[in-house]
Amino acid sequence: MHLVEDGGQIVVELQDIPLRTLELLRANPLPQEAWEALFSIYAHDALTADADVHPVRGRYRITGYAVRFEPRYPFAPGTSYLARLERGSDREEMVFVMPRAEPGEPARVISVFPGADTLPANLLKFYIQFSRPMQAGQAYERLSLVDLATGEPVYGPFVVLDPELWDPDQRRLTVLFDPGRIKRDVGINLELGPPLEAGKSYRLVVDPAWPDAVGRPMGEGYTRTFHVVAADRVQPDVATWQFDPPAAGTRDPLAIRFPEPLDYALLQRLLRVRDATERAVRGDIALTDRERGWAFTPETPWRAGRYTLEVETILEDLAGNTLRSVFDVDLRDAPPSEEREAETVRRLTFEIAPVPDPASPASE
């Protein structure tokens, strides 16, 4: 058994396994319970002769000439673990200890999106951006939402997911409000009501005890206060977007203005610029005015001609309404057409005018 680092995560591998054995395992995958009976990892300090201790949860997969165990959550710094392999009547064991935190600045919350101070009552999600990779499995213990009118925490505002929704670097967490409480006239909405109420103000609180990926608590907590207005149940409409095309021969950004804030993460991956030959234009994206603006700066200067902005129709506003449909549909309304539901991309064209020739009569 060997410890291997892969993408910043420590995993445990059984190496030098015969190719024939690996081929059999690929053709006939073992269920999770069988893997755990054969090859398991335990928190060493929790093991006693009579203790009923469950193995560390994770995923088993075959890679190269090895069987790899990838823990669902990173091994905790300073904790001793026991890796155990059962070979019939023989047992092989390996004890390892994860190193404690290295010196450095503690983690902190850099930003929370949406960035607006006024948010709809049916807000669907928050994105919380940290300065360092954070420890997963902590979110619903370390986050709270306080009703400023009462000073009390809101009961169960977020849907509890396992695993949590982290980006690959474990720096950005997506927190979803409970959809059952947002959608009108369904069981939990009728029982508990919506998590946010129009006319009220709330504070999102991040506990400073939240540990980063190597076990250090944050240097300081974080709070974000916002006011809630009426629910938004209107689809975003690309026809209302305002384009500000740049000048040919420059690397000035293409600027687009939206009448409402749109989803922070989706804006960065669901819009693409193509030239007249349908080739993607390479460049950098920036969001402005608290997600009401989108700016695209090309790697090379713009050429005069016609361009297309492709927008995937799963793009959402803050309430989860997409270009295809409304998130919280009133069943009394006419259902959206099948054609609109099947549409995946909207294509918006814009022109970049040629630079006037100063020698021509028209430019005088």
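Reading the values: rules and limits
- Residues numbered from 1 in each chain as written.
- Predicted model: local features only at pLDDT ≥ 70, side-chain atom pairs only at ≥ 80, totals over all residues.
- Heavy atoms only, no water.
- Helix = DSSP H or I, 4+ residues; strand = E, 2+ residues; numbered from the N terminus.
- Buried < 20%, exposed > 50% of the residue type's maximum accessible area, 1.4 Å probe, protein only.
- Contact = heavy atoms within 4.5 Å.
- Areas by Shrake-Rupley, 256 points an atom, 1.4 Å probe, with all protein chains shown as cover.
- Core = buried A, V, L, I, M, F, W, Y, C linked by side-chain atoms within 4.5 Å.
- Pairing = 2+ DSSP bridges.
- Polar contact = N/O pair within 3.5 Å; in protein donor to acceptor, adjacent residues only side chain to side chain.

K.L.:
Would you take a moment to explain the overall build of the protein chain for this structure?
P.N.:
Helix and strand counts for the protein chain come out as seven helices and 23 strands. With 364 residues in all, the protein chain has 40% of them scored as buried. At a minimum sequence separation of 6, the contacts of the protein chain that also span at least 24 residues come to 65%. Per element, the accessible surface of the protein chain, about 19900 Å² overall, is 50% carbon and sulfur.

K.L.:
Which parts of the structure should I look at to understand the nonpolar core?
P.N.:
Note on soluble globular proteins: their nonpolar side chains tend to be buried together. Counting 32 residues, the largest nonpolar core has Phe126, Phe130, Leu143, Leu145 and Trp210 as its most contacted members. Contributing elements (two or more residues each) for this core: strand 8 (109–113), strand 10 (125–130), strand 11 (143–147), strand 14 (172–176), strand 15 (201–206) and strand 16 (222–229). If near-sequence neighbours (up to four positions away) are discounted, Phe130 is found in contact with Arg108, Val109, Ile110, Trp166, Arg171, Leu173, Trp210 and Met218. Counting residues in hydrophobic clusters, the runner-up holds 23 residues, among them Ile256, Leu267, Leu270 and Trp294.

K.L.:
In this structure, what is going on with the pairing of strand 15? I would like to understand it.
P.N.:
Consecutive residues of a regular strand have side chains that alternate between opposite faces of the sheet. Here strand 15 shows a buried face lined by Tyr202, Leu204 and Val206 and an unburied face lined by Ser201, Arg203 and Val205. Sheet topology note: the strand 11/strand 15 ladder contains five bridges and is antiparallel. By the bridge assignment, Leu143 is partnered in strand 15 with Val206. Of the strand pairs in this sheet, strand 15 and strand 16 are connected by six bridges, and their pairing is antiparallel. By the bridge assignment, Ser201 is partnered in strand 16 with His227.

K.L.:
When you look at unusual backbone geometry in this model, what are you seeing that I'm missing?
P.N.:
The linkage connecting Phe113 with the following residue, Pro114, adopts the cis geometry, with an omega of 5°. Mapped onto the fold, Pro114 is located in the loop between strand 8 and strand 9 (118–120). With omega at 5°, the peptide bond leading from Asp162 into Pro163 counts as cis. Looking at the secondary structure, you find Pro163 in the loop between strand 12 (152–153) and strand 13 (165–166). Positive phi outside glycine occurs at Glu291, with the angle close to 70°.

K.L.:
What's the story with the sheet that holds strand 16 in this structure? I'm lost.
P.N.:
Within a sheet, neighbouring strands are paired by backbone hydrogen bonds and run either parallel or antiparallel to one another. Here five strands make up an open sheet; going across it, the order is 9-16-15-11-12 and the pairing mixed. Strands with a single pairing partner mark the edges of an open sheet, and in this sheet they are strand 9 and strand 12. Relative to strand 16, strand 9 is paired through three bridges, and the arrangement is parallel. Across the sheet, the residue bridging to Pro120 is Val229, located in strand 16.

K.L.:
Mind showing me how you'd approach the side chain of Ser40 here?
P.N.:
Relative to the helices and strands, Ser40 resides in strand 3 (residues 39–43). Of note is the side chain of Ser40, whose polar atom sits 3.4 Å from the backbone oxygen of Glu36. Here the side chain of Ser40 touches Tyr42 through a polar contact of 3.5 Å, side chain to side chain. Those residues within four positions of Ser40 in sequence are excluded, and the remaining contacts are Pro55, Tyr60, Leu82, Ala83 and Arg84.

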